[in-house]
Amino acid sequence: MMIIKNMESADLAAPQKGHRVTQVCWGLLLTLSVLIYGSHAPLITLCKVDKKIPFSSSSCVVLIELAKFIVSLGLLFLRDRHSLHIAVSWKHVVPYAVPALLYAVNNNLVVFMQVHMDPSTFQVLSNLKIASTALLYSAALRKRLNHRQWLSLALLMATGICHTYSSMGTPKQKVDEAIPGTQFHITALGLLLLLVYCIVSGLAAVYTELILKTQRLPLNLQNLFLYFFGIVVNSGAHLASAEVSSGFFDGYSWWVGVIVVTQALNGLLMSVVMKHSSNITRLFVISCSMLVNAVYSVALFNLQLTPLFFVSVFFIAMAIHLYYHV
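Residues numbered from 1 in each chain as written. Predicted model: local features only at pLDDT ≥ 70, side-chain atom pairs only at ≥ 80, totals over all residues. Heavy atoms only, no water.

Caption draft 1: The overall build of the protein chain, seen in detail. What the protein chain contains, in helices and strands, is 12 helices and zero strands. For the protein chain, the N- to C-terminal ordering of α and β elements is α-α-α-α-α-α-α-α-α-α-α-α. Residue burial in the protein chain is summarised as follows: out of 326 residues, 41% are buried. Intrachain contacts of the protein chain at a sequence separation of at least 6 include 87% that bridge at least 24 residues. For the protein chain, the exposed surface amounts to about 18500 Å²; the carbon and sulfur share of it is 69%. (Helix = DSSP H or I, 4+ residues; strand = E, 2+ residues; numbered from the N terminus. Buried < 20%, exposed > 50% of the residue type's maximum accessible area, 1.4 Å probe, protein only. Contact = heavy atoms within 4.5 Å. Areas by Shrake-Rupley, 256 points an atom, 1.4 Å probe, with all protein chains shown as cover.)

Written out as structure tokens, the structure is:
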């Protein structure tokens, strides 16, 4: 009887142990993604020469897409070699061009919108992406959110607004200096473009999640399709831009290399999140990264935290509690 009891206990313990391992792995993945997201803006600042970005941002995006493509190809041969025998038609491949085109549209919208609003207004109102992504997620994937979950997403939007206002704070010795771009203004066309930007952003994210989940293909193969079109579209955008007049690698430093590596890694991590979790999880990662961004800025640039930072921490903690019941 004792032997049977021990065997039953072992059988019950095995799934529990596996579940704990999965939770730990997810925790590490999401933490790493938050840290990488939060490091992006500080790394861009470290790259600046005379307060200007010395390299071509479009060439950097091409390198990030290329790095993700190469890693996905390597993982496909190492982990999913059996999938090389899967019959894949153009119907499987073409849908992955849509997210690349949508993101390209949004990248151009960001540049064009600057004429019709100040940067601070854009930062504040772009938090509407959270609402548009959640609405499209609920409609396209038929994931009904309850009142607590909608409230938690509203708190994420409030976090983004608080972060924007917090970053507008200036040290005491610079209070008397004129700071351009802090006067809020937006035209009617700018507001319309911003709404289009938020909808397209949410549509690109939700559509990517939809095809990753509905197609029964290994994630590494799906990433290969996704990043192939990313390379094609972004290479075209680079060639069409004014930045092509300079050399592809002009202004590059080892900090730019760090940006390419970290952003490529983060893109791969986000594909795992959208395949096996959801865009809502991605929104929480991005919101948490704002706090990490602030901490990095304090450590690297001696900036001071404002009371709004701690308000943001409270909002995110409440949002996580409401949505995930933790």
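Caption draft 2: Seen up close, the side chain of Thr133. Within the fold, Thr133 resides in helix H6 (residues 128-140). Of the residues examined, Thr133 reaches a relative accessible area of 1% and is grouped as buried. Apart from residues no more than four positions distant in its own chain, Thr133 is found in contact with Gly202, Val206, Asn279, Arg282 and Leu283.

Caption draft 3: Up close: the side chain of Ser72. Its place among the elements puts Ser72 in helix H2 (residues 57-79). Discounting residues that sit within four places of it in the chain, Ser72 has contacts with Asn220, Asn223, Leu224, Tyr227 and Leu268.

Caption draft 4: Broad picture of H6. Spanning 13 residues, H6 covers 18 Å between terminal C-alpha atoms, matching the ideal 18 Å at 1.5 Å per step. Of all the positions in H6, only Ile130, Ser132, Thr133, Ala134 and Tyr137 are classed as buried. In this structure, the buried side of H6 is in contact with helix H7 (147-167), helix H8 (188-214) and helix H11 (279-301). Positive backbone phi, approximately 55°, marks Arg142, located one or two places after H6. (Expected span 1.5 Å × (residues − 1).)

Caption draft 5: How the structure looks around the nonpolar core. In this structure, Leu153, Leu156, Ile280 and Phe284 are the most contacted members of the largest nonpolar core, which totals 29 residues. Taken together, the elements giving at least two residues each to this core come down to helix H1 (2-47), H6, H7, helix H10 (254-276), H11 and helix H12 (307-324). Ranked by residues supplied to this core, first place goes to H11 with eight residues. Counting 20 residues, the second-largest nonpolar core is a separate cluster that includes Phe225, Tyr227, Ile231 and Val233. (Core = buried A, V, L, I, M, F, W, Y, C linked by side-chain atoms within 4.5 Å.)

Caption draft 6: Representation of the packing of aromatic side chains. Under the counting rule described, the total for this entry stands at 12 aromatic pairs. Three or more aromatic residues joined by ring pairs form one cluster here, namely Phe55, Phe248, Phe249 and Tyr252. (Phe/Tyr/Trp six-rings, centres within 6.5 Å; stacked < 30°, edge-to-face > 60°.)

Caption draft 7: H12, seen in detail. Taking 1.5 Å of rise per residue, the 18 residues of H12 would be expected to cover 26 Å, and the 26 Å separating its terminal C-alpha atoms lies within 8% of that figure. Taken as a whole, H12 has its buried residues at Phe309, Ser312, Ile316, Ala319, Leu322 and Tyr323. One side of H12 carries all its buried residues, which in axial view fall inside an arc of 150°. Exposed residues on H12 whose side chains face more than 90 degrees from its buried face are Pro307, Phe310 and Phe314. Contacts from the buried residues of H12 go to H7 and H11. His325 sits one or two residues past H12 and shows a positive phi near 60°. (Arc of directions from axis to C-beta.)

Caption draft 8: Quick peek at the state of the cysteines. This model, assessed by the stated rule, comprises zero disulfides. This cysteine, Cys47, is not joined by any disulfide, and Cys60 carries the nearest cysteine sulfur, 7.9 Å off. (Disulfide = S-S within 2.5 Å.)

Caption draft 9: Up close: the pattern of salt bridges. For the structure shown, the criterion picks out two salt bridges. The residue Lys68 makes a salt bridge to Glu65 at a minimum N-O spacing of 3.0 Å. Here Lys68 pairs with Glu65, and both are found in helix H2, just three residues apart, close to one helical turn. Glu65 gets classed as buried once you look at its relative accessible area, which sits at 12%. One salt bridge in this structure joins Glu209 and Lys213, with 2.7 Å as the shortest N-O distance. Note that Glu209 and Lys213 are positioned in helix H8 at a spacing of four residues, about one turn of the helix. (Salt bridge = Lys/Arg side-chain N within 4 Å of Asp/Glu carboxyl O.)

Caption draft 10: View of the environment of Ala140. Here Ala140 lies in helix H6. Among the residues examined, Ala140 registers a relative accessible area of 40% and is labelled partly exposed. C-alpha separation for the pair Ala140 and Val206, spaced 66 residues apart in sequence, amounts to 7.5 Å. Not counting residues up to four positions away in its chain, the partners in contact with Ala140 are Val206 and Leu210.

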